[in-house]
Amino acid sequence: MAKRVGKVVIIGGGVVGLSTAYFLAQQGVTSTIIERDTVASHSSGFAYGGLSSISITPLEPSLKMIADDGMNIHRYLGSILEQKTGIKTGYRKKPLLSLVFDESDIPPIQEAVEQRQAHPDYRVTLLTAKETRNLEPRVSENVKAAVLIEGSAEVDPLRFNLALAKLTEGMGTEILQGTVTSVAVDKNRVSGVVMDDQILDCDHLVIAMGPWSTWAGKWLGFEVKVTPLKGQIIRLKVPGEPIKYSMGWNGNYATTKSDGLVWAGTTEEWVGFDETPTQSGREYITRSLLKMMPYIENAQLVQHTACLRPVTPDRLPILGHVPNVKGVFLATGAERKVIVLGPSMGRITADMIINETSSIPIDPFSPTRFE
């Protein structure tokens, strides 16, 4: 029987908030999710959805544990979400091919490959240019080498989150659409949230609002060190056979997803809370894409999206209780890794609420580390 923890409110209907609700429900604790817009309507629904824990940087030990745990959760959910909800999430194993265009980069990459070869869930190989083009002949002739990572996967982020929302609702989670404007506090402990001029009582509050988590700092009197990093993605209709690998280069990527379109990205733009797709962003992605795979130059643009990822000063997540209001837990800052890290961040948050401990150490992610 689950420990009596009282009422739990989660602000944010992205992958972290939904995962928190799911793992709470698994342990018999129902919760209420409040989402300002719709489920996964921001970075959780418009991310790329590439899944690999071995490419996570920086190599902080606890972060690697979260990433590996996130991969394990995706493997599990990948097998049950469609069965239980009828929603196809596009989860499938797909090897990653990271391209190298500068020969001077090969020695440090070789060192990184050797470090990662010890991971039991992956096979990592440094390929020559010829070996790379043998695997994918459409790769640019300018490629000098590539790293092949076998053991990675992918998912359609929006469909994954919609399926997770449907599953958690079936387990008793309530999802409300509304705007939280403040937090009610009684004797230094959270007692509720004010949503559209009504108060929802709660004993535990989870802030999982992505970059908008900084707004919660004003409600709580504690600065939440997270800022938005804009990223854009284009989806293309491309003639010919699907790309069999998740292609990557210098933070850019492209692959054929389960919808048959080539998804390509991305930008990194410090432009505040502007989520508008731009022509300059599309042109940047197109240049990077053509550098990797020139044959795509005659592709037809189908969709162009943008989202805001939550980034902290040290580019590590924020996980932990706020210091001045009891019962409030922060879970944000996964930036470009949100689809990989989010499920584990949700599991950790649920464990901290129910058991006040987690199997993964979260001290490196404390909200107070920037003070």
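Owing to the predicted nature of the structure, the values given are computational and were not obtained by experimental measurement.

Asks: A description of the packing of helix 1 (residues 15–26) against helix 3 (residues 61–85) should follow, citing residues and the corresponding values.
Replies: For the pair helix 1 and helix 3, interaxial distance at closest approach is 14 Å and the crossing angle is 80°. As the angle between them shows, helix 1 and helix 3 are arranged roughly perpendicular. Contact residues: Y22, F23 and Q26 in helix 1; I73, Y76, L77 and I80 in helix 3. When its residues are assigned to classes, the contact of helix 1 with helix 3 shows six nonpolar, one polar and no charged.

Asks: Which residues make up helix 6 (residues 157–170), and what are the values?
Replies: Under the 1.5 Å per step criterion, the end-to-end length of helix 6 is 20 Å for 14 residues, consistent within 8% with the ideal 20 Å. Those residues of helix 6 lying buried are P157, F160, N161, A163, L164, A165, L167 and T168. Here the buried face of helix 6 lies against helix 1, helix 2 (43–46), helix 3, strand 9 (174–177), strand 17 (262–265) and helix 9 (338–355). Of the residues one or two after helix 6, G172 is the one with positive phi, at around 110°.

Asks: Give a detailed account of the environment of T227, specifying residues and quantitative values.
Replies: Structurally, T227 can be placed in strand 14 (residues 227–237). For T227, a relative accessible area of 40% puts it in the partly exposed group. The spatial distance from the C-alpha of T227 to the C-alpha of T214 is 7.4 Å, given a sequence separation of 13 residues. Dropping the residues within four chain positions of it, T227 is found in contact with P211, W270, R309, P310 and V311.

Asks: For the packing of helix 3 against helix 6, give the residues involved together with the corresponding values.
Replies: Across the interface, helix 3 lies against helix 6 with an axial gap of 10 Å and an inter-helix angle of 65°. By the angle between their axes, helix 3 is roughly perpendicular relative to helix 6. In the packing of helix 3 onto helix 6, the handedness of the crossing is left-handed. For the pair formed by helix 3 and helix 6, the contact residues are H74, L77, L81, K84 and T85 on the first element and F160, A163, L164, K166 and L167 on the second. Looking at the contact of helix 3 with helix 6, its residues break down into six nonpolar, two polar and two charged.

Asks: Which residues make up the sheet that holds strand 4 (residues 92–93), and what values do they have?
Replies: The strand order across the open sheet built from three strands is 3-8-4, with neighbouring strands paired in antiparallel fashion. The outermost strands of the open sheet, each flanked by one partner alone, are strand 3 (50–51) and strand 4. By the bridge criterion, two bridges tie strand 3 to strand 8 (residues 153–154) in an arrangement that is antiparallel. Residue pairing across strands places G50 opposite E154, the latter belonging to strand 8.

Asks: Any chance you could break down the sheet that holds strand 10 (residues 180–186) for me, citing the residues and the numbers?
Replies: Taken in spatial order, the three strands of this open sheet run 10-11-12, and their pairing is antiparallel. The outermost strands of the open sheet, each flanked by one partner alone, are strand 10 and strand 12 (198–201). Across the sheet, the mean angle from the axis of one strand to that of its neighbour is 30°, orientation sign disregarded. Taken together, the four bridges between strand 11 (residues 189–195) and strand 12 define a ladder with antiparallel strand orientation. Looking across to strand 12, one finds that G192 is bridged to D201.

Reading guide: rules and limits
- Residues numbered from 1 in each chain as written.
- Predicted model: local features only at pLDDT ≥ 70, side-chain atom pairs only at ≥ 80, totals over all residues.
- Heavy atoms only, no water.
- Axes fitted to C-alpha atoms, helices over the stretch in contact; angles between N-to-C directions.
- Helix = DSSP H or I, 4+ residues; strand = E, 2+ residues; numbered from the N terminus.
- Parallel < 35°, antiparallel > 145°, perpendicular 65-115°, else oblique.
- Contact = heavy atoms within 4.5 Å.
- Nonpolar A, V, L, I, M, F, W, Y, C, P; charged D, E, K, R; others polar.
- Expected span 1.5 Å × (residues − 1).
- Buried < 20%, exposed > 50% of the residue type's maximum accessible area, 1.4 Å probe, protein only.
- Left-handed = near helix turned anticlockwise from the far one by under 90°.
- Pairing = 2+ DSSP bridges.

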